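Chain residues, written in single-letter form:
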Amino acid sequence: RHLLNVKLTYPIRLVVWRRESEGEMAQQSRGGAFDRQVITGGARVAPDVVHLYDPIGGFVDVVRHEVAHIVTKVAGDGPFGRLPSWIDEGTAVYAQSDPGGYRPAVEAAIRTDSLTRLKSMSSPANQPSLVDIFYGQSWLTVKFMVDKYGQPKFAELFKAFKTGGDMEAALRQVYGVDQDGLYNQ
């Protein structure tokens, strides 16, 4: 909440399940094959509800990640649009104490020149083999923005997006570049 300068006016409920399969009926499926191939520690399932499965043993970071999704929605989603997945997921991974396995995935993608343009990352990765790279690239982009330009500008970007619902326009207004310009930086 400090990163984006927003305050939630309602409580967040955390539902803890012993395993993801127990909570599947209470959330939207991404597809049988995808769900079977991707390990998920938790999910934001409603504006005020987070499910926690934590099969990977990172309870604190899973909670930080999923609660960050609630905060990004409050800070950035507005009447004209929903945040692109790259900034939503990147901010959620940034909220973790450590990016975990996403760091080596994005480092490998950098070495092999297999990153994706931000414009192509408005929706989450739909191939299990690309999920860690997607999250890693999203995190590294957000980290770059905060490290280079500072937290106040990052929070300003969310406000600009919420007002107009256009990431290209919000980036130009706050950072002076569009998604391709940010990617190139």
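All figures in this text were calculated on a predicted structure; none of them were measured in a lab. (Residues numbered from 1 in each chain as written. Predicted model: local features only at pLDDT ≥ 70, side-chain atom pairs only at ≥ 80, totals over all residues. Heavy atoms only, no water.)

Turning to the overall build of the protein chain, a few remarks are in order. When helices and strands are tallied, the protein chain shows nine helices and three strands. Element order for the protein chain, N to C, with α for helix and β for strand: β-α-α-β-β-α-α-α-α-α-α-α. Restricting to contacts in the protein chain with at least 6 residues of sequence separation, those with at least 24 account for 64%. Within the structure as shown, the protein chain displays about 9900 Å² of accessible surface, and the carbon and sulfur contribution to it stands at 52%. (Helix = DSSP H or I, 4+ residues; strand = E, 2+ residues; numbered from the N terminus. Contact = heavy atoms within 4.5 Å. Areas by Shrake-Rupley, 256 points an atom, 1.4 Å probe, with all protein chains shown as cover.)

Across the interface, helix α5 (residues 102-111) lies against helix α6 (residues 131-149) with an axial gap of 7 Å and an inter-helix angle of 90°. In terms of their interaxial angle, α5 and α6 are classed as roughly perpendicular. Two secondary-structure elements touch here, α5 through Tyr-102, Arg-103, Ala-105, Val-106, Ala-109 and Ile-110 and α6 through Asp-132, Ile-133, Tyr-135, Gly-136, Gln-137, Trp-139 and Leu-140. By residue class, the composition of the contact of α5 with α6 is nine nonpolar, two polar and two charged. (Axes fitted to C-alpha atoms, helices over the stretch in contact; angles between N-to-C directions. Parallel < 35°, antiparallel > 145°, perpendicular 65-115°, else oblique. Nonpolar A, V, L, I, M, F, W, Y, C, P; charged D, E, K, R; others polar.)

Attention now goes to a nonpolar patch on the surface. A surface patch of nonpolar side chains, about 360 Å² in accessible area, is lined by Leu-14, Val-16, Phe-59 and Val-60. Elements represented by at least two residues in the nonpolar patch include exactly β1 (13-16) and α3 (59-76). Residue placement: Phe-59 occurs in helix α3. (Patch = residues over 30% accessible without salt bridge, like charges linked within 9 Å, V, L, I, M, F, W, Y side chains within 5 Å. Salt bridge = Lys/Arg side-chain N within 4 Å of Asp/Glu carboxyl O.)

This paragraph deals with the sheet that holds strand β3 (residues 49-52). Spatially, three strands are ordered β1-β3-β2 in an open sheet, and the strand pairing comes out mixed. Either end of the sheet is taken by a strand with one partner, and the two such strands are β1 and β2 (42-46). Strand-to-strand twist across the sheet, computed as the mean angle between neighbouring axes with direction ignored, equals 25°. Of the strand pairs in this sheet, β2 and β3 are connected by four bridges, and their pairing is antiparallel. Within β3, the residue paired with Arg-44 across the bridge is Val-50. (Pairing = 2+ DSSP bridges.)

Time to look at the pattern of salt bridges. The tally for this structure, following the rule as stated, stands at seven salt bridges. A salt bridge links Asp-77 to Lys-73; its shortest N-O distance comes to 3.8 Å. The pair formed by Asp-77 and Lys-73 is uniform in burial state, with each residue classed as buried. Here Glu-168 and Arg-172 are joined by a salt bridge, their closest N and O atoms 3.8 Å apart. With Glu-168 and Arg-172 both in helix α8 (residues 167-175), this residue pair falls four residues apart, about one helical turn. In this structure, a network of salt bridges that share partners links the residues Lys-73, Asp-77 and Asp-88. (Buried < 20%, exposed > 50% of the residue type's maximum accessible area, 1.4 Å probe, protein only.)

Taken N-terminus to C-terminus, the directions of α3 and helix α7 (residues 151-164) make an angle of 60°; their axes are 7 Å apart at the nearest point. Looking at the two axes, α3 sits oblique to α7. In this structure, α3 uses Thr-72, Val-74, Ala-75 and Gly-76 to contact α7, whose residues at the interface are Phe-158, Lys-159, Phe-161 and Lys-162.

Moving on to the environment of His-2. Positionally, His-2 belongs in the segment before β1. Judged by its relative accessible area of 61%, His-2 falls in the exposed class. Distance in space between the C-alpha atoms of His-2 and Val-71 is 9.8 Å, their sequence separation being 69 residues.

Relative to the assigned elements, Asp-61 resides in helix α3. No salt bridge forms around the buried Asp-61; measuring N to O, its nearest opposite-charge neighbour Arg-64 is 4.3 Å away. Apart from residues no more than four positions distant in its own chain, Asp-61 is found in contact with Gln-96, Ser-97 and Asp-98. (Lys, Arg positive; Asp, Glu negative; His and termini not counted.)

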